[in-house]
Amino acid sequence: MGCVSKISSTADAGLERRFPLPFEGVDVNFCRTPTCVSYGVTPDPYKRPNGAPTAPPGVLRGAVSGAQHEEFFDCPHCTATARLKNNRAIAEEYRRLKGLQECDPTVLACRTEGCFAHGLSLEKHPEFYWRFGKTAGGDSRWRCRLCLKTFSAGKPARRHRRSDKNRLIFQMICNDMSLSKISKITDISYRDLYGKIDFFYDQVRAFTVRRQDFSQVDFRAAGSRFATDSQTLTINWPTKRKRAPVMVQHLCTAHARSGYIMEASLQLDPSMTMEEAEIRAVAADEEDVSVAFREHARVWTKTEFDAHLARLLAQKKIDEAELYQLPHDGVLVRYDILQFAHAMRLREHLAGTDAPLVLAMDDDKGLRQAFCSVFAPEVKAGRANIAIVSFDKGMTNDMRNQVVAEGQNALAAATGLGLTQLRALSDQDFADLVDEEVTTRIVGFDLRHGFQYPFPRKSEPNRRIWLLTDSPDHDYRQKARLLRQATLRSVDSYFHKFRSNVRFAARPAVSGTVRQAWDRQYLYKPAMMAKLIEIYRFYHNWCEPGVDKKTPAMRLGLARGRIYERDFM
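This text gives an overview of the structure that appears in the document. (Residues numbered from 1 in each chain as written. Predicted model: local features only at pLDDT ≥ 70, side-chain atom pairs only at ≥ 80, totals over all residues. Heavy atoms only, no water.)

Topic: the overall build of the protein
Working step 1: Summing up its helical and strand segments, the protein has 17 helices and 15 strands in all.
Working step 2: Relative to the globule expectation of 25 Å for 569 residues, the C-alpha radius of gyration of the protein, 26 Å, shows essentially globular dimensions.
Working step 3: Referenced to the eigenvectors of the C-alpha coordinate spread, the extents of the protein come out at roughly 75 × 75 × 50 Å.
Working step 4: A total of 569 residues make up the protein; the buried ones form 49% of that total.
Working step 5: When contacts within the protein are restricted to residue pairs at least 6 apart in sequence, long-range pairs at least 24 apart make up 67% of them.
Working step 6: For the protein, the exposed area adds up to about 28000 Å²; of that, 50% sits on carbon and sulfur atoms.
Working step 7: Charge-centre separation for the protein: the mean point of 85 positive side chains lies 6 Å from the mean point of 69 negative side chains. (Helix = DSSP H or I, 4+ residues; strand = E, 2+ residues; numbered from the N terminus. Rg over C-alpha atoms; globule rule 2.2 N^0.38 Å. Buried < 20%, exposed > 50% of the residue type's maximum accessible area, 1.4 Å probe, protein only. Contact = heavy atoms within 4.5 Å. Areas by Shrake-Rupley, 256 points an atom, 1.4 Å probe, with all protein chains shown as cover. Lys, Arg positive; Asp, Glu negative; His and termini not counted. Charge placed at Lys NZ, Arg CZ, Asp CG, Glu CD.)

What follows is the structure, encoded as structure tokens:
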């Protein structure tokens, strides 16, 4: 990240830390207010009681306050507070997300779990392998020198007895078909269906590793606006002893102009079990240590989760603890840790561009702190603007149409044009007209405190924007353009398509206030949820053309044509 504490000396060796240690270059604990003079500046990390050595000259101090597990840094300049975060947990989650997107599961390598050569490719580590003849089909076979297990090269679907079904099953998964109906229509067993989902998952990951190279994208030409939001997904309860569904967050960032999903992060880690998480927590013996300073703080353990629910119940923030539970397979990642790791992955994707960035996100305090921390170098250099967007999501279609009509009438009254004349304008002329009118309304207005956009669209009625990077030095016309472009339409459109086309993600047919909702389409296994999410993201990015007959990857410049099933199976 480049925000690593450099405050250290032999004189400070005996002092107790008040900030968590940086880990692998990650340190996100500083003032997170973009317009503050101390923004992105690492404070003195040590407690300095009376009689202790004083802080070096010019080093930022400020106070660290708050109860255990809720410590925060109080900036001495802007008086804003920033919760302390566990740098180690963020780095570990970032590493996990990176591995999911950048490790090719189909590479020729030893496939034996526990073997030292497991995952080490034949191309890069030939010293671990012997050539071991050919298969009956004529494909080259190799043998691991360590575990003596063999593997072979060849077509991905060479072992499929019914490979002719692959294309149909892939399309059904991504077009609103339940697993039970897929099994019935294609006449394959559930075991074979799950095997094909595993196959699709490996193939789309391998294709993404080979083809998703953002360093080749010209973001100045393709656009450098991004929208981040999350949706809640549900897993059915696995036992009748506790009838409470497992709620997890699906966090996505979309490229605004193309609709390409740059990063998708799920709040579940299927690679670890709850028992393993408990064992690690007990071995670390950190029960009395604040979460921000722990060695193991990336995921929830059952002990910590129950204690957290008890605190929320005592604070009357929830009505009943029995309505919440952890997954029985896999582990639940702490959502604040996931948000920081997600922002770090997005920043890594954009490391090769110098285009000015516009980062719009939902009104979520965790997202705000994550992006303000991770993109601090870009914000301080004047290369990034961060906007928080909020609007009325519960409006009916008629209510949305009414709000849009009121905005159009207000624009017509302000400009002196009739509604017919406004509708006859080209998209660019209409945008320029709106920007000109908004410019007159924001003169002298501090956009950091929120601005009610006067001319909303149907997708975002009563939109309110907080421009966190607002400054009196910025041009008002530029500010008006930023306000117009600060939208979540791209990511919300993807979420709508995802819920419509992936059966397990559909909303339950009961009221949202009833949390004890079992649905026959919901999944039971978190690992299957993670795989289907990645499969559909690939389908959206590379395979599904829009009305312009282009896929998001084509619009972004990553592909010259639509990707068909034959290209990755």
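Alright, that's what it looks like, and here's the rest.
A word on the sheet that holds strand 8 (residues 246-255)
Working step 1: Read from one edge of the open sheet, seven strands run 9-8-7-12-13-15-14, paired in mixed fashion. The sheet is open, and its two borders are formed by strand 9 (261-266) and strand 14 (451-452), each paired with just one other strand.
Working step 2: Pairing between strand 7 (residues 225-235) and strand 12 (residues 357-362): four bridges, direction parallel. Looking across to strand 12, one finds that Arg225 is bridged to Val358. (Pairing = 2+ DSSP bridges.)

A closer look at the pairing of strand 13 (residues 384-390)
Working step 1: Within strand 13, six of the seven residues are buried, which leaves the element mostly enclosed by the surrounding structure.
Working step 2: Pairing of strand 12 with strand 13 involves six bridges; the strand directions are parallel. Within strand 13, the residue paired with Leu357 across the bridge is Ala384.
Working step 3: Note: strand 13 against strand 15 (residues 464-467), four bridges, orientation antiparallel. Within strand 15, the residue paired with Ser390 across the bridge is Arg464.

Focus on the sheet that holds strand 5 (residues 140-144)
Working step 1: With respect to topology, three strands assemble into an open sheet ordered 4-5-6, the strand pairing being antiparallel. Sheet topology places strand 4 (129-134) and strand 6 (150-152) at the edges, where each strand pairs with a single neighbour. Averaged over all neighbouring strand pairs, the angle between strand axes comes to 30 degrees, with direction disregarded.
Working step 2: Bridging between strand 5 and strand 6 involves three bridges; their strand directions are antiparallel. (Axes fitted to C-alpha atoms, helices over the stretch in contact; angles between N-to-C directions.)

Here we look at the pattern of salt bridges
Working step 1: Taken as a whole, this structure holds 36 salt bridges when the rule is applied.
Working step 2: A salt bridge links Arg95 to Glu24, with the nearest nitrogen and oxygen atoms 2.7 Å apart. On the criterion of sequence distance, the pair formed by Arg95 in helix 1 (residues 87-102) and Glu24 in the segment before strand 1 (63-65) is long-range, its members being 71 residues apart.
Working step 3: Judged by relative accessible area, which is 41%, Arg95 ranks as partly exposed.
Working step 4: For Asp269, the salt bridge identified is with Arg96, shortest N-O distance 3.9 Å. Highlighted residues: Asp269 in strand 10 (residues 268-269) and Arg96 in helix 1, separated in sequence by 173 residues.
Working step 5: Several salt bridges share partner residues, and in doing so they unite Lys98, Glu102, Glu263, Arg345 and Glu348 into one network. (Salt bridge = Lys/Arg side-chain N within 4 Å of Asp/Glu carboxyl O.)

Topic: the environment of Leu193
Working step 1: Position of Leu193 among the secondary structure elements: in helix 4 (residues 190-211).
Working step 2: Using a relative accessible area of 0% as the deciding quantity, one classes Leu193 as buried.
Working step 3: Residues Leu193 and Pro270 lie 77 residues apart in sequence; the distance between their C-alpha atoms is 19 Å.
Working step 4: The contacts of Leu193, once residues within four sequence positions are left out, are Ile169, Leu179, Ile182, Ser183 and Ile188.

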